[in-house]
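# Analysis of the macromolecular model
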Amino acid sequence: MKIFRVHVLWIVLVFMSLDVVSAQRLLLTNATIVDPADRTEKKGSIVIEGNTIQSVEEMVIEEFDGDVIDVEGKWIIPGLYDMHVHSYGNMGPNRSIGEFLMTPMVSRRMLYSGVTGFLDLFSVEDFIFTLRDTQRKDGMEGADIYAAGPILTATGGHGTEYGIPTRVVNNPEEVEKEIGELIAKKPDVIKLVYDNVPGRMPTVNLETMKAVVQESNKHDIPVVVHIGTWQDIRDVVEAGAHAVTHTPEEPLPDDIIPLMLEKGAAIIPTLCVQTEFLNLIQDSTLLESPLLTEMTSADLLKSYKDTSAFAPGFKRWLKAQERSREDLLNTIRALGEAGVPILVGTDAGNVGTFQGYSVHREMQLMVEAGLSPWNALESATTRAGAFLGLSAGVSEGSVANLVVLNQSPLDDIGHTQDIHMVVYRGKVVDRPSMLSVGGGE
Ligand SMILES: [Zn+2]
């Protein structure tokens with residue numbers, strides 16, 4: 001019996017020491033480190049232990065116990081986020097051509113493109129939460145999944161038209177019941193539709209909207225509200241919503257900036273879903289981006305050039321984008337310049353967007369609108385991560401999600417597409433395997 005105990009102790013000690021040795025260490029050295037949080041660019045090295053950035057050093061590290069990768073002449077930014085995704089796949093303007101990928105494959109494409117986390121804002125709730133929980137528990141190759149689950153919406157409201165189950169709320173009693181059930185599944189955010197654009201589908205009334213915001217705040221879960229009009233934004237921001245998503249098409253009224261600043265409300269503008277379809281039609285060279293063509297089926301990209309085969313609804317949508325694009329860009333410039341927090345979200349899954357790739361375009365559109373590359377980078381990295389309660393960044397203690405670029409994203413934000421390497425939770429991603437069907441898991 002005594003001998004047995006000694007053996008057990010010995011085995012425990014061996015495993016403990018193995019554990020210490022196996023905490024993987026990685027040094028990325030000689031990089032230019034771009035930190036969107038404090039808007040600095042400096043030469044240095046990043047020391048990673050396990051899945052965390054242990055330190056950022058400006059001096060040369062002579063000796064290192066672990067893997068060393070020299071990234072001389074490269075730029076390092078934090079991993080990107082897409083804060084508005086429907087992670088089933090990609091839809092084109094011709095309804096018979098699309099990519100039905102499902103969330104695991106979408107999350108691999110995301111990682112390929114440097115997007116290390118994304119927020120799914122409407123999926124079948126049990127499917128997406130189970131997948132997310134499995135990923136958190138056992139790991140799953142691909143970007144980190146964050147999810148709202150269902151959309152809270154009115155009877156017959158936006159979200160009910162897709163034939164997948166969602167949660168309907170028409171009064172405060174229903175809100176309490178539905179959110180009560182939903183909370184048990186630990187949604188990362190609560191998604192609500194409050195959209196009073198005339199002629200659109202029915203939407204929840206003011207009282208119900210307020211109850212959703214109140215109930216979510218009570219449980220300390222951020223609310224993201226799909227809005228349509230500036231009055232919608234006034235209502236939900238006054239009520240205490242954390243973020244609105246989409247940008248109203250009319251010019252920005254004067255009272256919105258002070259209100260959003262006072263309440264600390266963020267906007268996820270979704271410039272991609274609201275303008276990029278038109279951009280792709282007017283400038284077909286956008287369809288030839290190397291990053292996009294590597295990731296997306298040639299048939300789907302080609303379908304954007306065959307305008308005669310577009311579904312009728314999409315032709316109308318192009319007209320709407322023509323009317324509103326300039327106002328949208330002006331609005332985003334004004335909001336961003338005034339310091340309203342912007343979070344990059346693309347509404348990927350809709351026409352004009354591509355899972356993963358569109359994050360890069362959303363940043364480019366922000367810069368085209370007149371904002372700085374710094375604001376675009378912050379919106380897609382540190383600020384987005386913070387909204388989800390994560391330590392995203394390139395400083396000590398941040399989760400080691402990084403994108404190494406061949407060219408400076410500050411010279412041209414389009415350079416975020418020129419990816420040398422992606423690091424996810426402290427490990428270099430085998431990017432080609434992220435595009436293979438099925439992959440390693
Ligand atoms: Zn959406």
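Given the structure is predicted, the values throughout are model-derived calculations rather than measurements. (Residues numbered from 1 in each chain as written. Predicted model: local features only at pLDDT ≥ 70, side-chain atom pairs only at ≥ 80, totals over all residues. Heavy atoms only, no water.)

Moving on, we get to the pairing of strand S1 (residues 25-35). Counting buried positions along S1 yields nine of eleven residues, so the element is predominantly enclosed. The pairing of S1 with strand S2 (residues 40-49) spans nine bridges and is classified as antiparallel. By the bridge assignment for S2, Val34 is matched with Glu41. Where S1 hands over to S2, the hairpin turn is made up of four residues, of which Arg39 adopts a positive phi near 55°. Summarising the sheet, S1 and strand S4 (residues 67-70) pair through four bridges and their orientation is parallel. Bridging across to S4, Leu26 finds its partner in Asp67. Relative to strand S5 (residues 75-78), S1 runs parallel, the two being bridged by two bridges. (Buried < 20%, exposed > 50% of the residue type's maximum accessible area, 1.4 Å probe, protein only. Helix = DSSP H or I, 4+ residues; strand = E, 2+ residues; numbered from the N terminus. Pairing = 2+ DSSP bridges.)

Bringing the packing of helix H6 (residues 230-239) against helix H7 (residues 256-263) into the picture now. In the contact formed by H6 and H7, the axes pass within 10 Å of each other and the chain directions differ by 25°. Taken together, the axis directions place H6 and H7 in an arrangement best described as roughly parallel. For the pair H6 and H7, the sense of crossing is left-handed. Taken together, the residues of H7 that come into contact with H6 (itself represented by Trp230, Ile233, Arg234, Val237 and Glu238) are Ile256, Leu259, Met260 and Lys263. The class makeup of the residues in the contact of H6 with H7 is six nonpolar, no polar and three charged. (Axes fitted to C-alpha atoms, helices over the stretch in contact; angles between N-to-C directions. Parallel < 35°, antiparallel > 145°, perpendicular 65-115°, else oblique. Left-handed = near helix turned anticlockwise from the far one by under 90°. Contact = heavy atoms within 4.5 Å. Nonpolar A, V, L, I, M, F, W, Y, C, P; charged D, E, K, R; others polar.)

This part is about the confidence of the model for the chain. Detailed reading of the predicted model is not advised wherever pLDDT is low. On average, residues of the chain carry a pLDDT of 93, and 94% of them reach 70 or more. Every residue in residues 1-21 scores below 50 in pLDDT, and together they form zero contacts with partners more than four places removed in sequence or on other chains. (pLDDT = per-residue confidence, 0-100.)

Quick look at the coordination of the zinc ion now. Surrounding the zinc ion are the protein donor atoms His84 (NE2), His86 (NE2) and Asp347 (OD), at 2.0 to 2.2 Å. Taken in sequence order, the residues that donate to the zinc ion follow the motif H-x1-H-x260-D. Residue His86 is found in the loop between strand S6 (80-85) and strand S7 (89-91), and its partner Asp347 is found in the loop between helix H11 (312-338) and helix H12 (357-369); the two are separated by 261 residues along the sequence. (Donors = N, O, S within 2.8 Å, 3.2 Å for Na, K, Ca; no water.)

Taken in spatial order, the six strands of this open sheet run S12-S11-S13-S14-S15-S16, and their pairing is parallel. A single partner strand is all that each edge strand has here, and the edge strands are strand S12 (167-168) and strand S16 (266-268). Relative to S12, strand S11 (residues 151-153) is paired through two bridges, and the arrangement is parallel. Pairing of Thr153 across the sheet is with Val168, part of S12.

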